[in-house]
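Understanding the architecture of this molecule
For reference, the chains in residue letters:
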Amino acid sequence: MEKELELLFTTATEKINAATTTAELAALQLEYLGKKSILNELLKKMKDISHEERLTVGKRANVIKTTLTELCKAKKSELENVMAMAMFEQEKIDLSLPGYNLTLATKHPLNQVIDEISQLFQELGYDIVFGTEVEDDEYNFQRLNLPIGHPARDMQDTFYITKNTLLRTHCTNMTARAISQMKRKDEIVAMISTGNTYRRDDDDATHSHQFMQVDGFLIAPHTSFANLKWTIQYFCQRMFGENTKIRLRPSFFPFTEPSVEVDVTCVNCHGQGCSICKQTGWIEIMGAGMINPLVYQACGQDPDLTGFAFGIGIERIAMIKYGIDDIRRFYTNDVRFLEQFKKFD
Ligand code: DAH
């Protein structure tokens, strides 16, 4: 029996040492040390041997059991180590590989222009607001001296949502709201409102049913047309260069009186005449004027207030500044077009 025991020990030791996976090892452990193991089967035969032999066989069997258990434990941790190393090898990260090329987006050219204009007027002390795109007829028209049925409403073909709610046709709606909120006659208010505006226009190279504006106004005691002229001149020189000249032509807007249309010397030919300015040397860029006393009245204020207002089309400024031929390019979001504005961002 002792011989059988030693044979079992040697084979088990050899097999355990030769195991290459933890699963294989677990099977061997079960085979040699489990409840129904070969060792236990052998020990059942103990009852047939002499008392002395039983003592030595018993002792030896115990030693074998502990030795094999220890061996399995050591082998297990050895195999686990090998497996972990293999996994690390497989998942190794090569830090010297080049990274992915992340393309950063560019600020949209219209936002670049808005930022530039906002910055400029902020420096002059103007507040900046964005306001509501869904507006009441009252603030978009009525409080701006455009009562229901007024023929000048036809200048701004409107998307109505309900009878009294519409998509604002200009950012002047925020001017009506701000004037309506004035508390004192000697209050000084200077504000720029910017954002999307909408009109029922057919889209073509110069028209878009959705477009952007910057609308500004200043109300302060003793404000005169000279203040408006200085502001426009300053704005145009900052936007288009120091040598830019302005020209004011009489015009009509229901919310201003007198009203003007503002031209700047062509940014392309500087007044010489070219295809962009249709050989006139001038390009029209905004409407402006002294706020009509009827607007103060419609907004619940004293008609003696004095102030000026102006409205600028952002797409038009961007088209002039960057030499863009079609307004639709701003809204089709062709990356090849947008990428070109990285250098100005
Ligand atoms: N709201 C006008 C438009 O969209 C533009 C405009 C003209 C705004 C004169 C003004 C202004 O504030 O004074 O056509």
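Residues numbered from 1 in each chain as written. Predicted model: local features only at pLDDT ≥ 70, side-chain atom pairs only at ≥ 80, totals over all residues. Heavy atoms only, no water.

**Section: the packing of aromatic side chains**
This is how the line gets drawn: Planes of paired rings set the category: under 30 degrees apart is stacked, over 60 is edge-to-face and the rest tilted, where pairs are Phe, Tyr or Trp rings (Trp by its six-membered ring) whose centres lie within 6.5 Å. Type-normalised accessible area, obtained with a 1.4 Å probe on protein chains alone, sets the label of each residue: buried when under 20%, exposed when over 50%, and partly exposed for intermediate values. For a Lys NZ or an Arg CZ to count as sitting over a ring, it must be within 6 Å of the ring centre and within 35 degrees of the ring normal.
In total, this model carries nine aromatic pairs according to the counting rule given. Note on Phe253 and Phe255: the rings are 6.0 Å apart at their centroids and 15° apart in plane angle, and the pair reads as stacked. The exposure classification of Phe253 matches that of Phe255, with both residues buried. In textbook terms, an aromatic cluster arises when at least three aromatic residues are bridged by ring pairs, as seen for Phe121, Tyr126, Phe235, Phe308 and Phe310. We note Arg60 situated over the ring of Phe9; from NZ or CZ to the ring centre the distance is 5.3 Å. In this structure, Arg177 is placed above the aromatic ring of Tyr139, and the distance from its NZ or CZ to the ring centre is 4.0 Å.

**Quick notes on the nonpolar core**
How we decide: Here, nonpolar core means buried Ala, Val, Leu, Ile, Met, Phe, Trp, Tyr and Cys residues that are tied together by side-chain atoms lying within 4.5 Å of each other. Pairs of residues are marked as contacts when any of their non-hydrogen atoms sit within 4.5 Å.
Ranked by size, the top nonpolar core spans 47 residues in total, and within it Phe235, Ile285 and Phe310 carry the most contacts. The residues touching Ile285, leaving out its near neighbours within four places in the chain, are Phe235, Cys236, Phe240, Val262, Val264, Ile312, Gly313, Arg316, Ile317 and Ile320. Counting 23 residues, the second largest nonpolar core, distinct from the first, contains Ala176, Phe255, Val295 and Tyr296.

**Notes on the site of the ligand**
Worth spelling out the cut-off: Here a residue is considered near a molecule or strand provided that any single heavy atom belonging to it is located within 4 Å of it. Two N or O atoms form a polar contact when they lie within 3.5 Å of each other; inside protein one atom must be a possible hydrogen donor and the other a possible acceptor, and for residues adjacent in sequence the pair counts only when both atoms belong to side chains. Using the Shrake-Rupley algorithm and a 1.4 Å probe, accessible areas are obtained, with residue cover drawn only from the displayed protein chains.
His170, Thr172, Arg199, Gln213 and Ala309 are the nearest of the 15 residues found near the ligand. A distance of 2.7 Å separates an oxygen atom of the ligand from a polar atom in the side chain of Arg199. Between an oxygen atom of the ligand and a side-chain N or O atom of Asp215, the distance comes to 3.2 Å. Here the ligand loses 91% of its free accessible area of 350 Å² to cover by the protein chains.

**Details of the UniProt feature "domain: Phenylalanine-tRNA ligase class II N-terminal" (unreviewed entry) in the protein chain**
We apply this condition: UniProt positions are given in the numbering used here, feature names are shortened, and annotations may be inferred rather than shown by experiment. Numbering goes from the N terminus for both helices and strands, where a helix is a DSSP run of H or I of at least four residues and a strand is a run of E of at least two.
Feature annotation in UniProt assigns "domain: Phenylalanine-tRNA ligase class II N-terminal" (unreviewed entry) to the following positions: residues 21-81. Helix makes up 80% of residues 21-81 and strand 0%. Its end C-alpha atoms lie 11 Å apart.

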